[in-house]
Amino acid sequence: MPTKVFISYSHKDEEFKNSLTEHLSGLVRSGAISEWNDRKIMPGANWSNEISENIKSADLILFLISASFMNSDYCINIEAETALAMHNSGEAKLIPIVIRAVEWSDSPLSKLQGLPKDAQPVASPNNDEAWVDVIQGIKRHISEFHLKANKSIKLVEEGKISPSESILEWLDDTEITLTHRKVDR
(Lines give C-alpha, C1' and ligand atoms only; values in the text may rest on other atoms or scores of the structure.)
Protein backbone atom coordinates (compact mmCIF):
# COMPACT_ATOMS: atom_id res chain seq x y z
CA MET A 1 0.00 0.00 0.00
CA PRO A 2 1.53 3.34 -0.99
CA THR A 3 2.44 5.94 1.61
CA LYS A 4 -0.03 8.83 1.31
CA VAL A 5 1.90 12.09 0.99
CA PHE A 6 0.28 15.50 1.57
CA ILE A 7 2.17 18.56 0.30
CA SER A 8 1.49 21.95 1.89
CA TYR A 9 2.94 25.11 0.38
CA SER A 10 2.23 28.77 -0.22
CA HIS A 11 0.88 29.39 -3.72
CA LYS A 12 3.69 31.92 -4.15
CA ASP A 13 6.00 28.88 -4.04
CA GLU A 14 4.13 26.83 -6.63
CA GLU A 15 7.25 26.41 -8.79
CA PHE A 16 8.93 24.61 -5.86
CA LYS A 17 5.88 22.38 -5.34
CA ASN A 18 6.01 21.52 -9.06
CA SER A 19 9.72 20.68 -8.79
CA LEU A 20 9.08 18.49 -5.76
CA THR A 21 6.29 16.54 -7.49
CA GLU A 22 8.56 16.11 -10.51
CA HIS A 23 11.32 14.69 -8.29
CA LEU A 24 8.79 12.45 -6.50
CA SER A 25 7.60 10.95 -9.79
CA GLY A 26 9.83 7.88 -9.47
CA LEU A 27 8.32 7.04 -6.08
CA VAL A 28 4.82 7.58 -7.48
CA ARG A 29 5.50 5.36 -10.51
CA SER A 30 6.95 2.58 -8.34
CA GLY A 31 3.84 2.64 -6.15
CA ALA A 32 5.80 3.64 -3.02
CA ILE A 33 3.75 6.82 -2.56
CA SER A 34 0.60 8.56 -3.67
CA GLU A 35 0.94 12.34 -3.62
CA TRP A 36 -1.74 14.97 -3.02
CA ASN A 37 -1.70 18.77 -3.08
CA ASP A 38 -4.44 21.36 -3.33
CA ARG A 39 -4.14 21.69 -7.12
CA LYS A 40 -5.88 18.30 -7.31
CA ILE A 41 -9.12 19.75 -5.92
CA MET A 42 -11.86 19.40 -8.50
CA PRO A 43 -13.82 22.47 -9.62
CA GLY A 44 -16.94 22.96 -7.51
CA ALA A 45 -15.55 21.01 -4.55
CA ASN A 46 -15.37 22.53 -1.07
CA TRP A 47 -11.62 23.24 -0.98
CA SER A 48 -11.43 23.51 2.82
CA ASN A 49 -13.07 20.09 3.29
CA GLU A 50 -10.86 18.53 0.59
CA ILE A 51 -7.69 19.82 2.26
CA SER A 52 -8.89 18.71 5.69
CA GLU A 53 -9.81 15.21 4.50
CA ASN A 54 -6.54 14.73 2.64
CA ILE A 55 -4.28 15.97 5.44
CA LYS A 56 -6.09 13.76 7.97
CA SER A 57 -5.66 10.67 5.77
CA ALA A 58 -1.96 11.32 5.08
CA ASP A 59 0.87 9.14 6.35
CA LEU A 60 3.53 11.73 5.49
CA ILE A 61 3.04 15.50 5.46
CA LEU A 62 5.56 17.72 3.67
CA PHE A 63 5.68 21.45 4.39
CA LEU A 64 7.54 23.63 1.89
CA ILE A 65 8.98 26.24 4.26
CA SER A 66 9.57 29.79 3.05
CA ALA A 67 8.75 33.31 4.20
CA SER A 68 5.55 33.07 2.16
CA PHE A 69 4.58 29.82 3.92
CA MET A 70 5.32 31.31 7.35
CA ASN A 71 3.24 34.37 6.41
CA SER A 72 0.21 32.31 5.34
CA ASP A 73 -2.47 32.25 8.04
CA TYR A 74 -4.05 29.13 6.49
CA CYS A 75 -0.75 27.21 6.29
CA ILE A 76 0.27 28.08 9.86
CA ASN A 77 -3.04 28.30 11.74
CA ILE A 78 -4.93 25.45 10.06
CA GLU A 79 -2.60 23.03 8.28
CA ALA A 80 0.39 23.29 10.66
CA GLU A 81 -1.77 22.85 13.78
CA THR A 82 -3.44 19.76 12.31
CA ALA A 83 -0.15 18.31 11.05
CA LEU A 84 1.71 18.92 14.33
CA ALA A 85 -1.11 17.27 16.30
CA MET A 86 -1.00 14.26 13.95
CA HIS A 87 2.80 14.13 14.16
CA ASN A 88 2.81 14.29 17.96
CA SER A 89 0.16 11.57 18.24
CA GLY A 90 1.98 9.30 15.78
CA GLU A 91 -0.84 9.34 13.20
CA ALA A 92 1.48 10.79 10.55
CA LYS A 93 4.99 12.16 10.16
CA LEU A 94 5.68 15.78 9.33
CA ILE A 95 8.83 16.79 7.46
CA PRO A 96 9.62 20.46 6.83
CA ILE A 97 11.46 21.13 3.56
CA VAL A 98 13.22 24.50 3.50
CA ILE A 99 12.80 25.84 -0.02
CA ARG A 100 13.87 29.47 0.43
CA ALA A 101 15.98 31.11 3.13
CA VAL A 102 13.72 32.07 6.02
CA GLU A 103 13.94 32.83 9.73
CA TRP A 104 11.65 30.24 11.29
CA SER A 105 13.40 29.39 14.55
CA ASP A 106 10.46 30.74 16.60
CA SER A 107 8.03 28.35 14.91
CA PRO A 108 7.11 24.99 16.48
CA LEU A 109 7.95 23.51 13.06
CA SER A 110 11.63 24.37 13.57
CA LYS A 111 11.88 21.68 16.27
CA LEU A 112 11.45 19.00 13.61
CA GLN A 113 14.38 17.71 11.58
CA GLY A 114 14.01 19.17 8.14
CA LEU A 115 15.33 18.62 4.66
CA PRO A 116 17.62 19.20 2.79
CA LYS A 117 20.51 18.36 5.11
CA ASP A 118 21.48 21.13 7.49
CA ALA A 119 18.20 22.87 6.53
CA GLN A 120 19.94 24.52 3.60
CA PRO A 121 17.32 26.00 1.27
CA VAL A 122 16.48 24.21 -1.97
CA ALA A 123 16.75 27.59 -3.72
CA SER A 124 20.51 27.42 -4.07
CA PRO A 125 22.94 27.41 -6.98
CA ASN A 126 22.42 23.66 -7.41
CA ASN A 127 18.82 23.03 -6.47
CA ASP A 128 18.70 19.63 -8.21
CA GLU A 129 21.25 18.33 -5.67
CA ALA A 130 19.08 19.74 -2.88
CA TRP A 131 16.00 18.00 -4.32
CA VAL A 132 17.92 14.71 -4.57
CA ASP A 133 18.80 15.06 -0.86
CA VAL A 134 15.12 15.73 -0.10
CA ILE A 135 13.97 12.65 -2.06
CA GLN A 136 16.61 10.46 -0.36
CA GLY A 137 15.37 11.70 3.03
CA ILE A 138 11.77 10.91 2.08
CA LYS A 139 12.81 7.43 0.89
CA ARG A 140 14.60 6.81 4.21
CA HIS A 141 11.48 7.88 6.07
CA ILE A 142 9.21 5.64 3.98
CA SER A 143 11.51 2.67 4.51
CA GLU A 144 11.56 3.29 8.27
CA PHE A 145 7.79 3.89 8.28
CA HIS A 146 7.17 0.49 6.66
CA LEU A 147 9.59 -1.25 9.05
CA LYS A 148 7.76 0.19 12.07
CA ALA A 149 4.39 -0.75 10.60
CA ASN A 150 5.61 -4.31 10.02
CA LYS A 151 6.96 -4.56 13.58
CA SER A 152 3.54 -3.70 14.96
CA ILE A 153 2.01 -6.80 13.34
CA LYS A 154 1.43 -9.54 15.93
CA LEU A 155 3.35 -12.64 14.97
CA VAL A 156 1.44 -15.01 17.24
CA GLU A 157 -1.74 -14.98 19.28
CA GLU A 158 -1.74 -14.06 22.98
CA GLY A 159 -0.91 -16.96 25.28
CA LYS A 160 0.85 -18.93 22.54
CA ILE A 161 4.56 -19.58 22.17
CA SER A 162 6.25 -16.55 20.68
CA PRO A 163 9.80 -15.51 19.82
CA SER A 164 11.65 -13.43 22.39
CA GLU A 165 12.35 -9.76 21.78
CA SER A 166 16.04 -10.58 21.16
CA ILE A 167 15.08 -13.12 18.47
CA LEU A 168 12.82 -10.57 16.79
CA GLU A 169 15.65 -8.01 16.86
CA TRP A 170 18.05 -10.59 15.40
CA LEU A 171 15.61 -11.41 12.60
CA ASP A 172 15.24 -7.73 11.82
CA ASP A 173 19.03 -7.29 11.87
CA THR A 174 19.74 -10.12 9.38
CA GLU A 175 19.17 -7.71 6.49
CA ILE A 176 17.32 -10.43 4.63
CA THR A 177 14.56 -8.83 2.63
CA LEU A 178 11.65 -10.81 1.29
CA THR A 179 9.89 -9.26 -1.65
CA HIS A 180 6.69 -9.83 -3.53
CA ARG A 181 5.58 -8.27 -6.78
CA LYS A 182 2.77 -6.39 -5.01
CA VAL A 183 4.65 -5.00 -2.01
CA ASP A 184 8.01 -3.36 -1.33
CA ARG A 185 9.11 -5.54 1.58
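Bear in mind that the values here come from a model prediction, so they are computed numbers and not experimental data. (Residues numbered from 1 in each chain as written. Predicted model: local features only at pLDDT ≥ 70, side-chain atom pairs only at ≥ 80, totals over all residues. Heavy atoms only, no water.)

**Some points on the overall build of the chain**
For step 1, the next point in the chain: Secondary structure summary: the chain contains six helices and four strands in total.
For step 2, the next point in the chain: Scanning the chain from its N terminus toward the C terminus, one meets helices and strands in the order β-α-β-α-β-α-α-β-α-α.
For step 3, the next point in the chain: Among the 185 residues that make up the chain, the fraction classed as buried is 36%.
For step 4, the next point in the chain: Counted over contacts in the chain with a minimum sequence separation of 6, partners at least 24 positions apart contribute 67%.
For step 5, the next point in the chain: Counting every atom, the chain has about 11700 Å² of accessible surface; 51% of that belongs to carbon and sulfur. (Helix = DSSP H or I, 4+ residues; strand = E, 2+ residues; numbered from the N terminus. Buried < 20%, exposed > 50% of the residue type's maximum accessible area, 1.4 Å probe, protein only. Contact = heavy atoms within 4.5 Å. Areas by Shrake-Rupley, 256 points an atom, 1.4 Å probe, with all protein chains shown as cover.)

**Describing the pattern of salt bridges**
For step 1, the next point in the chain: Considering all chains together, one arrives at four salt bridges under this definition.
For step 2, the next point in the chain: Between Glu14 and Lys17 there is a salt bridge; the shortest N-O distance is 3.6 Å. Linking Glu14 with Lys17, this pair stays in helix α1 (residues 14-29), spanning three residues, or about one helical turn.
For step 3, the next point in the chain: Ionic pairing is found between Glu14 and Arg39, a salt bridge with its closest N-O pair at 2.7 Å. Residue Glu14 is located in helix α1, and its partner Arg39 is located in the loop between β2 (33-36) and α2 (47-56); the two are separated by 25 residues in the primary sequence.
For step 4, the next point in the chain: The exposure class of Glu14 is partly exposed, given its relative accessible area of 22%. (Salt bridge = Lys/Arg side-chain N within 4 Å of Asp/Glu carboxyl O.)

**Concerning the sheet that holds β2**
For step 1, the next point in the chain: Ordered by their spatial adjacency, four strands build an open sheet running β2-β1-β3-β4, and the pairing between neighbours is parallel. Every interior strand has two partners, whereas the edge strands, β2 and β4 (93-98), have only one. The sheet shows a mean angle of 25 degrees between the axes of neighbouring strands, taken without regard to direction.
For step 2, the next point in the chain: The sheet contact formed by strand β1 (residues 3-8) and β2 spans four bridges and is parallel. Residue pairing for β2: Phe6 is matched across the bridge by Trp36.
For step 3, the next point in the chain: Sheet strands touched by α1: β1, β2, β3 (60-65) and β4. Its angle to β2, the strand with the most contacts, is close to 160 degrees.
For step 4, the next point in the chain: In this fold helix α4 (residues 73-89) packs onto β1, β3 and β4, with an angle of close to 140 degrees to the strand it touches most, β3. (Pairing = 2+ DSSP bridges. Axes fitted to C-alpha atoms, helices over the stretch in contact; angles between N-to-C directions.)

**Focus on the nonpolar core**
For step 1, the next point in the chain: In terms of nonpolar packing, the biggest core is built from 23 residues, with Leu20, Leu62, Ile97 and Ile138 touching the most fellow members.
For step 2, the next point in the chain: Every element with two or more residues in this core is listed here: β1, α1, β3, β4 and α5 (127-151).
For step 3, the next point in the chain: Among the elements that take part in this core, α5 stands out by supplying six residues, more than any other.
For step 4, the next point in the chain: Look past the residues within four positions of Leu20 in its chain and what remains in contact with it is Ile7, Leu62, Leu64, Ile97, Trp131, Val134 and Ile135. (Core = buried A, V, L, I, M, F, W, Y, C linked by side-chain atoms within 4.5 Å.)

**Things to note about the packing of aromatic side chains**
For step 1, the next point in the chain: Applying the stated criterion to the full structure yields three aromatic pairs.
For step 2, the next point in the chain: When the ring of Phe63 is compared with that of Phe69, the centres are 5.1 Å apart and the planes differ by 45 degrees; the resulting orientation is tilted. No difference in accessibility class separates Phe63 from Phe69, as the two residues are buried. (Phe/Tyr/Trp six-rings, centres within 6.5 Å; stacked < 30°, edge-to-face > 60°.)

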